[in-house]
Every structure is written in structure tokens, then in C-alpha cells.
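Close look at the chain arrangement
The chain contents come next:
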2 protein chains.
Amino acid sequence: MGKKKETITIYDVAREAGVSMATVSRVVNGNPNVKPVTRKKVLETIRRLGYRPNAVARGLASKKTTTVGVVIPDISSAFYAELTRGIEDIANMYHYNIILCNSDLKKNKELQLIDALLEKQVDGLLFMGGEVTEEHREVFAGASVPVVLAATHDEERPYVTIDQVKAAKDATSILIKEGNQRIGLIGGPLTDAIMGQPRYQGYREALEESGIGFEEELVRLGNYRYQSGLDAMQELLALPEPPTAVFAVNDEMAVGAIHAVQDAGKKVPEDVSVIGFDNIPLASQVRPRLSTVAVPMYDIGAVAMRLLTKYMNDETIEDNQVVLEYRIELADSTRLKNEGEE
Amino acid sequence: MGKKKETITIYDVAREAGVSMATVSRVVNGNPNVKPVTRKKVLETIRRLGYRPNAVARGLASKKTTTVGVVIPDISSAFYAELTRGIEDIANMYHYNIILCNSDLKKNKELQLIDALLEKQVDGLLFMGGEVTEEHREVFAGASVPVVLAATHDEERPYVTIDQVKAAKDATSILIKEGNQRIGLIGGPLTDAIMGQPRYQGYREALEESGIGFEEELVRLGNYRYQSGLDAMQELLALPEPPTAVFAVNDEMAVGAIHAVQDAGKKVPEDVSVIGFDNIPLASQVRPRLSTVAVPMYDIGAVAMRLLTKYMNDETIEDNQVVLEYRIELADSTRLKNEGEE
DNA sequence: CTGTTAGCGCATTCAG
DNA sequence: CTGAATGCGCTAACAG
């Protein structure tokens, strides 16, 4: 494996076919300015020699690599995996490949990855991640290729995302409409400007505007993982006056919360309603099925990638900061059903 | 966004620093044969000019791209997402980037993707997918770079995987040890030579060797998804003499099966034991927690990538066909506990 | 320790 | 419609 066949180049094809490199280049690139007869002849010797164009050489000569860089927090997360699928499908459709990098939300790693991607001369960059800091802005501004943010937001850049605050507010409102007076929050880190902060804010605004009011004691912060949701719920249940409903800012924690309730011998949604966020497959693979904010993960990726292709092809862009719609998906972990649509 | 700064090259740096291109190239590549003083001088003007090496040009000149191609069925599947994370982590550790492509298990798409990846001059290829056909073998053999299979198997190629048949047999044996006489199978397509077929075979062998015997009527085939597992289980429960235990060949279907049992008013594992396969996060995020075959997904990816780096660096390779160990993870969907370890 | 010289394989003017 | 010439930005001998 890995034998070094003598590499056969465009020059070899030209010689064998009795034409010039330029002509071979033309047929390879589908340039119409080639007489059908010679095209056929070239195509035939290409096949005969088993010629395979070298995209690196082409990239150097044409200054286009038909490759885009994708920086993502963690591909093993259901949320980002689905988003990435949307990206890759559209990329593939437009004949781009994606170089995928996991950042684990670490700023320095993000910065370093972006740099490496730019060195590789990607034609564009799709960035998903934590906060866009001043340093990010500098790197983006210094890039000579377009950068689009997905599931992230920064006024200086094109982006595709949803209205996190509003969605969190809507989710909380469902619980309010159910008549709950004590509504808990299982949040993410408030230092997380992308999800943690805005979803917390939406929760808080909903409670304050409803007159129920915000209570610090009903708030627990987790790390978005199942176990942390379970732990948080246990704490909330141990309160002198436990909540009768809980908004968990992502589905994994919400499911953890459901199980904590069940472990305590209580029922969801009869004793405690639970609503999640994201609508990853897990949401519909547990019992009771989880009510949640359905984020169009695939579409965020797909639309972001499509936007990026527009930049790369210098198409005219009508809207470069896209806020996608979400739905509130009411299943069996809340008492309210079939309403409260977006 | 996308302004074209005048690109600054190694030549500019050389001129500004008063040295030759070669020297600049040396410091950029960490070649020790440079006097510290000149190194410092070069480094300084690199910073001053904001020089960024062009990896495409480097790739053309050096015939190395430090990029590997990864062909995967579907990144949005929990199984492959985790596997990919293992790949990317090791790739990153060895300073490689990965170009990720989804094949949806379609042979023609796989072949086409492999070809595109080779055009891009990847230094190696990691292939995950369905069956390795004769056509695959030809393409792999024609590649001038190493190819490693992950979670797939073909005697002609290096690979990293687990023993699917044995694992399926072990899983089934658990159910036999529990004393079940009627043990159902929720399998994958038998045309799937990678998972569907061997897991079916393991199930069958276990039953036949135990003396219980194989019964066609206890077998249902799904498509690895939750709903198909649920449907399959409903059919099994409708049998005149329904099974008291079921082996589902992946976790999603197993969870679907659990819910079908519960929907029928029966309990898991009291009325029906269920064991799954893979051990994706879902397995421990449902109640009862799913007993399952714990496949080291991350490790398969990581080891495969490491093996690939060995090929790419011409390291000596002791073992190029690696069969990783799995565990049987007994949780709450089976009656047997804490035993049956690998 | 440093500079010179050739390409790497291809796209792209510019002629014809 | 086709060919010749040039260079993309860099690495890699080879000298010195």
C-alpha cells in the first residue's frame, strides 16, 4: 500500500494526445472552446493513461481550492453533528469539500485552527463556537476569504442563527401558561455568550414580564450534559418548595431532569413539567417524549454554507445576517399540548 | 469581508530581511541549520509583514499536504460522530487536518468521494463504510497513499474494528443465561455486510450452539433507527408466543423496542429483557438504562488514525489489522447484572 | 550556516 | 479553436 506510481501529469496527456497542455487543461475544466474531435481524443488518452488532475497544483495556479474550513466546538455533540451534516450536504452540492476542526470552545484553539485553515488557503470559513471576541474579529478581518458564523452571532459578520432569547422566553411562557408559579431553570454557564447567557435571559424576562418574578433559588447551572441536568434537578427537588416546572436549556439536561423527577417517585408532567431546547433525536427517544424548542440545526448549517458559497462566488447577497425560525415542539413532558406555536 | 490583501510571500520576507528564500523557508520549517541571529531577524520581519505560509504551494513543492481524507456514512449518526472525534483528535495531535465526506453508504458516492479526495492529494485515507467491494479494492490499490479502514473490514487492507460476530454472540448469550427460551432479534439489513450480517450471524450461532435453536419467526429487520426498532418490537409482541428477550443490533432500535414493550403495558426487564449494541450516549440516557455491547467508538477512530500516521511516516508497523476489545455493559434492561464481562 | 537553482502540476494570458 | 510562455509560492538538492 502506498506505492509511488510515477505520477502522470497534464503534460504527459498532452504529449500522448498530440496537443498542448492548454488544450488538455481546457477539456479537463470543461471549457467549451475545444473542437469535439480533439476533446474526444484528449478524453480518451486521459482515460487510457489513468490521468488524475492534481488539485493542489490547480489550487496554486488558480488560487482556488474548492475547500472550506469548518470550526466547530465538538463533532460528537448531537447538535453540532446535525449542523455539520447540513453544512456538508450543501458544500457537496456546490462541489466544495470541508476541512473539519474541533475547537472544544477554547478560544486559543479556535484562533489557531482558523490560522491553520487560512494557511491551507480555504476559499471560505464557517465558524461555530463560543463568543466572538475582539481577537476573533481581528483574525476574521485579516482573512482574505469570507467568513460566516453559524449558530453564533456577531454584528460585524454575516451569520445564521436563531433568536435564542425569544425562544427561551417562549419555552418559559409555555410553563407559565400551564399555570405553574414556581418554574425552575437548569441553565448553562452564564459565561457562555452563545447559549448559556441568552437562554437564561429569556427565562428571566418571561418570568419578570408575567409578574411571577425571577427567583435566584430556582436557578441551577449545568454543563449541558445529561448528568448535570439530573444533578441540578435533584437539588431543585430538595428545595423546601420545589418547582412544579423546569426549563432546561438543552435536551440532554432536560432528560436528566426528567429522570431525576422519576427517581424521586414523582411523575412528568403531572408533578413537574419539563421543557428542553434543541430537539435533538434524544428528545423523541425518551418517555415521556420531551417537549422542546425545535432548533433547525440542519438548516442553520445548510443556510450558512449556502451563504458562504454566495460570498465565494461573488453573488449578490440580499441578507447576510439570517435569523431562522424555530418551533416549540410540545410532546409529553409538559401538560400543554398542540399550541403555543412559534 | 473577502478583501484581497496583496499576498505577501516568502520572497518578500527574504528581501525585507536581507536573506534568501531558502533561509526563510528554513526558519518557517524549524530547520535547525540557521544561526540564531538570522532566525530572529527573519522571525521578526515575518511578524512585521504578517506573512502567512501558503500550504498549497508547500504541498505542491513537497508533495505532502498534511491532510487526510475521511469517508464516513453519516456524521449525524451518534456512532460515527464519536468515531470521527477520535479520528480528528489524533489527526490534530499529529498536525494533520481531515477532509470529511458523508457517503450515506452509497457505493458510487463512496467511490466518487475517494477519487475527489485523491485528487486533492490527501496524504492518506480513512474509510468507513459499507462493504468493501472489488471496485473499492481497485481504487484503493490505485491510490498512491495509504488507506486504512475503520469499523470496517477487508482482508486486503489495514483496518481497525471489533469482532462483530463474537460480540453479537456474547450479547445473545447474556439473554440465554437469563433463562430466556424465546429470544427475538431486531436486526439490520442482511445486505449490510458490516453490521447487519455479522450481528445476525452471531445471534444465530449463539442460539444454535445453546440448543435453543434459531427460529425465523423471532427475527425482524429494521433500518437501525428508533422507529424501526419500535415497530419491530410491536410485531414481535403480537406473536402468539412472544419473545421474553430481544437482542437489537444497535442502541437506537433497542430503545425503540423498550418503548414498544412499555407501550404494551409490559415491563423491561421483568417481562422482556432487551440488549442493544454500540453504547451510544442514548443507552445511558433512557430508563431503564440499556444493557448493551460497548463498542469503543472513539478508540476505533483514534487507533485507525494513528495507524494511518504510521503509514504516512513510514514507521514500522507491527500489526496492521487491529481487532479492538469490546465490553458487555449490563445496565437495567436485562435481568443479569455485573457479569458476562468480555 | 546560507544562497542559487530548479522544478512541483496546472491555469492563464496572449498570440495566432 | 489551439499552442507557447509564464508564474502561482514554496521546497529541495546542491554548492559554497
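Nothing here was measured: the structure is a model prediction, and the numbers come from that model. (Residues numbered from 1 in each chain as written. Chains lettered and ligands numbered in written order. Predicted model: local features only at pLDDT ≥ 70, side-chain atom pairs only at ≥ 80, totals over all residues. Heavy atoms only, no water.)

For these two chains of identical sequence, chain A goes onto chain B by a turn of 180° and a shift of 0.0 Å along the axis, with RMSD 0.1 Å. Both chain copies can therefore be described as sitting about a two-fold axis. Taking C-alpha positions as reference, the residue of chain A nearest the rotation axis is Ile99(A), located at 2.2 Å. Of the interface residues in chain A, 98% have counterparts in chain B that sit at the interface too, so the contact is made through matching surfaces. (Least-squares fit on C-alpha atoms with pLDDT ≥ 70 in both. Contact = heavy atoms within 4.5 Å.)

Residues and elements named next belong to chain A. For the structure shown, the criterion picks out 10 aromatic pairs over all chains. Their ring planes at 65° and their centres at 5.5 Å tell us that Phe127 and Phe140 sit as a pair that is edge-to-face. In this pair, Phe127 is assigned in strand β3 (residues 124–127) and Phe140 in helix α7 (residues 134–142), connecting sequence segments 13 residues apart. With a relative accessible area of 1%, Phe140 lands in the buried category. Relative to Phe214, the ring of Tyr203 lies with its centre 6.2 Å away and its plane at 75°, an arrangement referred to as edge-to-face. (Phe/Tyr/Trp six-rings, centres within 6.5 Å; stacked < 30°, edge-to-face > 60°. Helix = DSSP H or I, 4+ residues; strand = E, 2+ residues; numbered from the N terminus. Buried < 20%, exposed > 50% of the residue type's maximum accessible area, 1.4 Å probe, protein only.)

This brings us to the domain arrangement of chain A. Buried accessible area, meaning the area lost when the parts come together, often serves as the stated size of an interface. Examined at the domain level, chain A breaks down into domain 1 (10–53), domain 2 (66–162 + 297–326) and domain 3 (164–294). Its C-alpha centre places domain 1 of chain A at a distance of 63 Å from the equivalent point of domain 3 of chain A. (Domains from an automatic or database assignment.)

Residue and element names in this part refer to chain B. Where helix α10 (residues 226–237) meets helix α11 (residues 251–263), the axes come as close as 7 Å, and the angle between the chain directions of the two elements is 45°. As far as their axial angle goes, α11 and α10 are oblique. As for how α10 packs across α11, the hand of that crossing is right-handed. Packed against α10, whose contacting residues are Tyr226, Ser228, Gly229, Leu230, Met233, Gln234 and Leu237, the element α11 presents Glu252, Met253, Val255, Gly256, Ala257, His259, Ala260 and Val261 at the interface. (Axes fitted to C-alpha atoms, helices over the stretch in contact; angles between N-to-C directions. Parallel < 35°, antiparallel > 145°, perpendicular 65-115°, else oblique. Left-handed = near helix turned anticlockwise from the far one by under 90°.)

Here we take up the UniProt feature "domain: HTH lacI-type" (unreviewed entry) in chain A. According to UniProt, the feature "domain: HTH lacI-type" (unreviewed entry) maps to residues 8–62 of chain A in the numbering used here. Along residues 8–62 of chain A, the helical share is 69% and the strand share 0%, with 20 Å between the first and last C-alpha atoms. (UniProt positions renumbered as here; feature names shortened; annotations may be inferred.)

This paragraph deals with the protein's contact with DNA strand D. What surrounds DNA strand D is a group of 27 residues, the closest being Thr23(A), Arg26(A), Lys35(A), Ile10(B) and Tyr51(B). Between DNA strand D and Thr38(A) there is a distance of 3.0 Å, counted from a phosphate oxygen to a side-chain nitrogen or oxygen. Between Ala57(B) and DNA strand D, the recorded distance is 3.4 Å, taken from a backbone N or O atom to a base nitrogen. Broken down by secondary-structure element, the contributors of at least two residues to the surface near DNA strand D are α2 (21–28) and α4 (55–62) of chain A together with α2 (21–28) and α4 (55–62) of chain B. A total of four residues in the surface near DNA strand D trace back to one element, the largest contributor, which is α4(B). In the surface near DNA strand D, the residues fall into 12 nonpolar, 11 polar and four charged. (Near = heavy atom within 4 Å. Polar contact = N/O pair within 3.5 Å; in protein donor to acceptor, adjacent residues only side chain to side chain. Nonpolar A, V, L, I, M, F, W, Y, C, P; charged D, E, K, R; others polar.)

Take the sheet that holds strand β5 (residues 159–162) of chain B next. Pairing in this open sheet of 12 strands is mixed, and the strands run β11(A)-β5(A)-β4(A)-β3(A)-β1(A)-β2(A)-β2(B)-β1(B)-β3(B)-β4(B)-β5(B)-β11(B) from one edge to the other. Taken across any chain shown, the strands that pair with only one partner, and hence form the sheet edges, are β11 (321–324) of chain A together with β11 (321–324) of chain B. Strand-to-strand twist in this sheet, taken as the mean axis angle between neighbours without regard to direction, amounts to 20°. In the packing of helix α5 (residues 78–93) of chain A onto the sheet, the strands contacted are β1 (67–72), β2 (97–102), β3 and β4 (147–150) of chain A together with β2 (97–102) of chain B, and the crossing angle to β2(A) comes to about 160°. (Pairing = 2+ DSSP bridges.)

A few words on unusual backbone geometry. Residue Pro269(A) follows Val268(A) across a cis peptide bond; omega there is 5°. Relative to the assigned elements, Pro269(A) resides in the loop between α11 (251–263) and β9 (273–278). With an omega of -5°, the peptide bond between Arg287(B) and Pro288(B) qualifies as cis. Relative to the assigned elements, Pro288(B) resides in the loop between β9 (273–278) and β10 (291–294).

Turning next to the interface of chain A and chain B. The interface is formed by 61 residues belonging to chain A together with 60 residues belonging to chain B. With both sides pooled, the region where chain A packs onto chain B buries about 5,200 Å², and carbon together with sulfur makes up 52% of that total. Remark: the boundary between chain A and chain B carries eight salt bridges. Between Arg85(B) and Asp74(A) there is a salt bridge whose closest N-O contact spans 2.9 Å. (Buried area = accessible area lost by both parts, 1.4 Å probe. Salt bridge = Lys/Arg side-chain N within 4 Å of Asp/Glu carboxyl O.)

All names here are of chain B. Those residues of helix α1 (residues 10–17) lying buried are Asp12, Val13, Ala14 and Ala17. On its buried side, α1 packs onto α2 and α3 (36–49). Capping of α1 at its N-terminal end is provided by Thr9; its side-chain oxygen lies 3.0 Å from the backbone amide nitrogen of Tyr11. Gly18 sits one or two residues past α1 and shows a positive phi near 70°.

So, about the environment of Pro296(A). All names here are of chain A. If you trace the backbone, Pro296 turns up in the loop between β10 (291–294) and α12 (297–312). Using a relative accessible area of 15% as the deciding quantity, one classes Pro296 as buried. In the structure, Pro296 is positioned 134 residues away from Ile162 in sequence and 8.5 Å away in space, judged by C-alpha atoms. Setting aside residues up to four positions removed in sequence, Pro296 forms contacts with Ile162, Leu324, Glu325 and Tyr326.

In this section: the environment of Gln112(A). With respect to the element layout, Gln112(A) can be found in helix α6 (residues 107–119). Taking the C-alpha atoms as reference points, Gln112(A) and Val139(A), separated by 27 residues in sequence, lie 10.0 Å from one another.

This part is about the protein's contact with DNA strand C. For DNA strand C, the set of nearby residues contains 27 residues, the closest of which are Ile10(A), Ser25(A), Tyr51(A), Thr23(B) and Arg26(B). Those atoms of DNA strand C that come within 4 Å of the protein belong to sugar or phosphate at a rate of 61%. Between DNA strand C and Ala57(A), the relevant distance is 3.3 Å, taken from a base nitrogen to a main-chain nitrogen or oxygen of the residue. Measuring from a base oxygen of DNA strand C, one finds a backbone N or O atom of Ala61(B) at 3.3 Å. Residue contributions to the surface near DNA strand C peak at four residues, all from α4(A). Of the residues that constitute the surface near DNA strand C, the class distribution is 12 nonpolar, 11 polar and four charged.

Let's shift gears to the pairing of strand β1 (residues 67–72) of chain B. Residues and elements named next belong to chain B. Counted residue by residue, β1 has six buried out of six residues, so it is predominantly covered. For β1 and β2, the ladder comprises six bridges, and the chain directions are parallel. Bridge pairing links Ile72 to Asn102 in β2. This β-α-β element, β1 to helix α5 (residues 78–93) to β2, shows right-handed connectivity. Summarising the sheet, β1 and strand β3 (residues 124–127) pair through four bridges and their orientation is parallel. Directly across from Gly69, in β3, lies its bridge partner Leu125. (Right-handed = clockwise from strand over helix to strand, strands pointing away.)

Moving on, we get to the pairing of β11(B). Residue and element names in this part refer to chain B. In β11, alternate side chains face the same way, and those of Val322 and Leu324 are buried while those of Gln321 and Val323 on the opposite face are not. When β5 meets β11, the two strands line up parallel, connected through four bridges. Looking across to β11, one finds that Thr161 is bridged to Val323.

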